[in-house]
Amino acid sequence: MTYDEGTLAQLTADAQQIIGRYPVARSALLPLLHLVQSVDGFVSPDGISFCADQLGLTDAEVSAVATFYTQYKRRPNGEYQVGVCTNTLCAIMGGDRIWDELSSHCGLRSGETSEDGQITLERIECNAACDYAPVMMVNWEFFDNQTPESAKQVVDDLRAGKDVTPTRGPSKVRTFKEVERVLAGFEDGLANEDQGAGGPTLAGLEAAKASGWKAEQA
Amino acid sequence: MTTQLTPVLSAIWDQEKSWTLDTYTKNGGYNALKKALATPPTDLIQAVKDSGLRGRGGAGFPTGMKWGFLPPDDGKPRYLVVNADESEPGTCKDIPTMLANPHALIEGVAITSFAIGSNHAFIYLRGEVVHVYRRLLQAVREAYEAGHLGQNIHGKGYNLELTVHAGAGAYICGEETALLDSLEGRRGQPRLKPPFPAVEGLYARPTVVNNVESIASVPAIVDKGVEWFTSMGTERSKGMGFFSLSGHVNKPGQYEAPLGITLRELLEYAGGIRDGHELKFWTPGGSSTPIFTAEHLDTPLDYESVGAAGSMLGTRALQIFDETTCVVRAVMRWTEFYKHESCGKCTPCREGTYWLTLILKRLENGEGTMADIQQLLDTCDSILGRAFCALGDGATSSITSSIKLFREEYEAHVTGAGCPFDHAASALFPYATASTVEVSA
């Protein structure tokens, strides 16, 4: 491993905390891989050895797990992971067109990263926001009800170093590494940031209220 | 008579900071836990059995019965694992539930864990929703600080640890045994059953795996009572549930209603199909459930009626498509999804979804033959019932049902040498089809 002393000490301390959440150490592997990505920006060879060391596994055992899951990247990822949903519902509502225009705009195919290291573009599968179709995710924050123009604007703003606000989520999208640290289970203090629940989320409640309906009280 | 909407889980979603412990408590949150901790666990299990609550994650297995399958306490650990891996295409109910009111789930976890005698519970959340994870982490911390989790809960001598775990992108981890393997730090591949998780689940110990919405419904059942819950729904499909409308409707979203409501009724609340268009086909419960058409507008959306009409209630993910939509294109994209998400463990699913995708692509691109349509059905026949888990079966649903309902549309792709539909007409924003862009793979 080529981590410097400080990095390794921090990683080790974090890893011990993660392992402590589980009755059996190996359960910590998925969050540990997220932790490695929060430092290296991908699952690096060093990161694989680190996880293996922490859990008493072989590098091969760790690699076998890392390669199974799409969120673990095998090459250095961009600062911003931009994913356009092209599963059926989003694709038909316009996701296919958004993908075509965005891909052409960036000159990137799915999985490729821009030369400046800012953007990794990806076609993604259903992200459980179908009532907001067509949907795009940036570092796993929701960008709902997109158009080709709005999607290109988001990417242009990110590349220009401007803050970008998701439609549901915190006040600005954090970097890939910062988000990966949250996914390793470390709070970043942004949970109370909010852009509103969102129209579709409240649609049923509002329709019920408009008619004066509620579930009968016991 | 119209079926009224019944917001229960969603009742406080429009309140200020609805996701905080403060808001939840102000609205009576954690009263049910208090009540539960003063109730013998066997009575809690019986109450959930009596409520008729059935798994809200798709399969519809009776929740209380699942709890009852655990073997008698042997003094060693047993676990509750909440399946929050919501990934079935079209399904979008658990994510808003956890984003807007994570405490309903956490209270449900505490009650359920107490009922089944577990001292360590897990929420397995898909990793691709970071703000939901933030809200869950914060809510769990708040619950520990308030004494709803941790040691000696409410001073009643009951201890519970709750770990919220983020996955890393794999649809198969929504399958309960694959989820357990993933939670154990392995590749998420399904296990041979039996043994069922109730006997040998997480770390080979007795384990209950339940969906978010099922567990989040438990506090309301405990608090308001079995009679209240069973006053909603139909004879064998009790209670309320989310109906998630998406696609070509004017007001897509989450509609919490008694089971047995119809799409016709739901469309009324959702402002109808988008203006100037008409319903063509829809999924009652996500992409793994056979598609329906306008003929099924009045089919009661409960487990039995949807089953009798040839589909499945699934996750109540109603993806709605109007007449501009090409069914072959829709089915092709779902099939690509199953191919991408097939874990590779069993041959029928791994190879079958690969070939189905190739055939559907060539049909959509105008390179197919009439024989391809029969080949699709034959290949589906080789997968259905022969795959290791439900993913393979689910991959065949949209294909076989769409060929049955829209065979002439498949044939038109052959005779017309391509897709007869203007894809721009389906999009929710205008664009000129003529303005082509350089398409990347």
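*Asks:* In this structure, what is going on with the overall build of chain B? I would like to understand it.
*Replies:* Tallying secondary structure elements over chain B gives 16 helices and 9 strands in all. For chain B, whose C-alpha radius of gyration is 22 Å, the value lies close to the compact-globule estimate of 22 Å for 441 residues. Overall, the C-alpha framework of chain B stretches about 75 × 45 × 45 Å when taken along its three principal axes. Sorting the 441 residues of chain B into buried and exposed places 61% on the buried side. Residue pairs in contact within chain B that sit at least 24 positions apart in sequence constitute 71% of those at least 6 positions apart.

*Asks:* I keep staring at the overall build of chain A and nothing clicks. Help me out?
*Replies:* Counting secondary structure elements, chain A contains 8 helices and 4 strands. Considered along the principal axes of its C-alpha atoms, chain A spans approximately 60 × 55 × 30 Å. Burial statistics for chain A: of 218 residues in total, 56% are counted as buried. Of all intrachain contacts in chain A linking residues separated by at least 6 positions in sequence, the fraction that spans at least 24 positions is 62%.

*Asks:* Just to check I follow, could you spell out the sheet that holds strand 6 (residues 240–247) of chain B for this structure?
*Replies:* In any sheet, the strands associate via hydrogen bonds between backbone groups, in a parallel or an antiparallel arrangement. All names here are of chain B. One open sheet holds the 4 strands; their spatial order is 7-6-9-8, and the pairing between them is mixed. This sheet does not close on itself; its edge strands, each paired only once, are strand 7 (253–258) and strand 8 (279–283). Direction aside, the axes of adjacent strands within the sheet are offset by 30° on average. As paired strands, strand 6 and strand 7 are joined by 6 bridges and run antiparallel to one another. Each bridged residue has a counterpart across the sheet, and for M240 the counterpart in strand 7 is P258.

*Asks:* How do you make sense of the domain arrangement of chain A when you look at a structure like this?
*Replies:* Interfaces are often sized by the accessible area lost when the parts come together. In terms of domain boundaries, chain A breaks down into domain 1 (5–66) and domain 2 (80–175). Of note, the centres of domain 1 of chain A and domain 2 of chain A, computed from C-alpha atoms alone, are 29 Å apart.

*Asks:* Got a minute to help me understand unusual backbone geometry in this structure?
*Replies:* As a rule of thumb, non-glycine residues mostly have phi less than zero, and peptide bonds are mostly trans rather than cis. Note that the residue after K193 of chain B, namely P194 of chain B, is joined by a cis bond; omega there is -10°. Relative to the elements of secondary structure, P194 of chain B occurs in the loop between helix 8 (176–183) and strand 5 (207–211). Cis geometry is found at the peptide bond from P194 of chain B to P195 of chain B, where omega equals 5°. For P195 of chain B, the location among the structural elements is in the loop between helix 8 and strand 5. Its identity as a non-glycine residue notwithstanding, N139 of chain A has a phi of 45°, on the positive side. Position of N139 of chain A among the secondary structure elements: in the loop between strand 3 (136–138) and strand 4 (141–143). In this model, N145 of chain A sits at a positive phi of 45°, which is unusual for a non-glycine residue. Mapped onto the elements of the fold, N145 of chain A is located in the loop between strand 4 and helix 6 (148–159).

*Asks:* What is the right way to look at the interface of chain B and chain A in this model?
*Replies:* Taken together, the 82 residues of chain B in the interface contact 74 residues of chain A. If you list the elements that add at least two residues to the side of chain B that touches chain A, you get helix 5 (94–100), helix 7 (130–145), strand 4 (158–166), helix 8, strand 6, strand 7, strand 9 (317–322) and helix 13 (327–341) of chain B.

*Asks:* Quick question: what am I supposed to make of the domain arrangement of chain B here?
*Replies:* Residue and element names in this part refer to chain B. Annotation of chain B at the domain level lists domain 1 (21–224), domain 2 (240–322) and domain 3 (327–420). The gap between the C-alpha centroids of domain 1 and domain 2 is 27 Å. Counting residues at the interface gives 13 residues for domain 1 and 16 residues for domain 2. Its residues assigned to classes, the side of domain 1 that touches domain 2 comprises 3 nonpolar, 5 polar and 5 charged.

*Asks:* Mind showing me how you'd approach the nonpolar core here?
*Replies:* Residues V81 and V82 of chain B are the most contacted members of the largest nonpolar core, which totals 210 residues. Not counting residues within four places of it along the chain, the set of residues in contact with V81 of chain B comprises F122, Y124, L179, L180, L183, L202, T207 and V209 of chain B.

*Asks:* Got a minute to help me understand the packing of helix 13 of chain B against helix 14 (residues 347–364) of chain B in this structure?
*Replies:* Residue and element names in this part refer to chain B. Interhelical geometry of helix 13 versus helix 14 gives an angle of 155° and a closest axis separation of 9 Å. If you check the angle between helix 13 and helix 14, you find them roughly antiparallel. Helix 14 is crossed by helix 13, and the crossing has left-handed handedness. The segment helix 13 lies against helix 14, with V328, R329, V331, M332, T335, E336, Y338 and K339 engaging T353, Y354, L356, T357, L360, K361, L363 and E364. Partitioning the contact of helix 13 with helix 14 into residue classes produces 8 nonpolar, 3 polar and 5 charged.

*Asks:* Hey, could you run me through helix 7 (residues 176–183) of chain A in this one?
*Replies:* Buried within helix 7 of chain A are the following residues: F176, V179, E180, V182 and L183 of chain A. Down the axis of helix 7 of chain A, the buried set is contained in an arc of 155°. They therefore lie on one face. The inward-facing, buried residues of helix 7 of chain A abut helix 2 (29–40) and strand 1 (80–85) of chain A together with helix 7 and strand 4 of chain B. G185 of chain A occupies a position one or two residues after helix 7 of chain A and carries a positive phi of about 100°.

*Asks:* So what exactly am I meant to see when it comes to the sheet that holds strand 2 (residues 120–125) of chain B here?
*Replies:* Residues and elements named next belong to chain B. Overall, mixed pairing links the 5 strands, which are arranged 3-4-2-1-5 in an open sheet. The open sheet has two free edges, formed respectively by strand 3 (150–153) and strand 5, since each of these has just one partner strand. Across the sheet, the axes of successive neighbouring strands diverge by a mean angle of 25°, strand direction being ignored. Bridge count for strand 1 (residues 79–84) against strand 2 is 6 bridges, and the pairing is parallel. Across the sheet, residue Y79 finds its bridge partner in strand 2, namely H120.

*Asks:* What exactly am I supposed to notice about the pairing of strand 1 of chain B here?
*Replies:* Along any regular strand, the residues point their side chains to alternate faces of the sheet. Residues and elements named next belong to chain B. Taken across its 6 residues, strand 1 has 6 buried, putting it largely inside the fold. Neither face of strand 1 is left uncovered, since the one carrying Y79, V81 and N83 and the one carrying L80, V82 and A84 both have all their residues buried. Where strand 1 and strand 5 come together, 5 bridges link them in parallel fashion. Along strand 5, the bridge assignment pairs Y79 with T207.

*Asks:* So what exactly am I meant to see when it comes to the confidence of the model for chain B here?
*Replies:* Parts of the prediction with low pLDDT should not have their coordinates interpreted in detail. Overall, the predicted model of chain B reaches an average pLDDT of 96, with 98% of residues at or above 70. Our summary of model confidence lists the complex with pTM equal to 0.97 and ipTM equal to 0.98.

*Asks:* Can you walk me through the packing of helix 6 (residues 102–116) of chain B against helix 9 (residues 212–224) of chain B in this structure?
*Replies:* Describing two packed helices takes the angle between their axes plus the distance from one axis to the other. Residue and element names in this part refer to chain B. Interaxial distance between helix 6 and helix 9 falls to 7 Å at its minimum, and their mutual angle equals 75°. Comparing their axes, helix 9 and helix 6 come out roughly perpendicular. Here helix 6 contributes A104, L105, E107, G108, V109, I111 and T112 to the contact with helix 9, which in turn contributes V212, I215, A216, V218, P219 and V222. For the contact of helix 6 with helix 9, a count of residues per class yields 10 nonpolar, 2 polar and 1 charged.

*Asks:* I'm lost on the environment of P197 of chain B in this one. Help?
*Replies:* Residues and elements named next belong to chain B. Counting through the fold element by element, P197 comes out in the loop between helix 8 and strand 5. For the pair formed by P197 and H423, sequence separation is 226 residues and the distance between their alpha carbons is 45 Å. Apart from residues no more than four positions distant in its own chain, P197 is found in contact with E176, T177, L180, T207 and V209.

Criteria and cut-off values
- Residues numbered from 1 in each chain as written.
- Chains lettered and ligands numbered in written order.
- Predicted model: local features only at pLDDT ≥ 70, side-chain atom pairs only at ≥ 80, totals over all residues.
- Helix = DSSP H or I, 4+ residues; strand = E, 2+ residues; numbered from the N terminus.
- Rg over C-alpha atoms; globule rule 2.2 N^0.38 Å.
- Buried ≥ 20, exposed ≤ 12 C-beta atoms within 10 Å, placed from the backbone.
- Contact = placed C-beta atoms within 7 Å.
- Pairing = 2+ DSSP bridges.
- Axes fitted to C-alpha atoms, helices over the stretch in contact; angles between N-to-C directions.
- Domains from an automatic or database assignment.
- Nonpolar A, V, L, I, M, F, W, Y, C, P; charged D, E, K, R; others polar.
- Core = buried A, V, L, I, M, F, W, Y, C linked by C-beta atoms within 7 Å.
- Parallel < 35°, antiparallel > 145°, perpendicular 65-115°, else oblique.
- Left-handed = near helix turned anticlockwise from the far one by under 90°.
- Arc of directions from axis to C-beta.
- pLDDT = per-residue confidence, 0-100.

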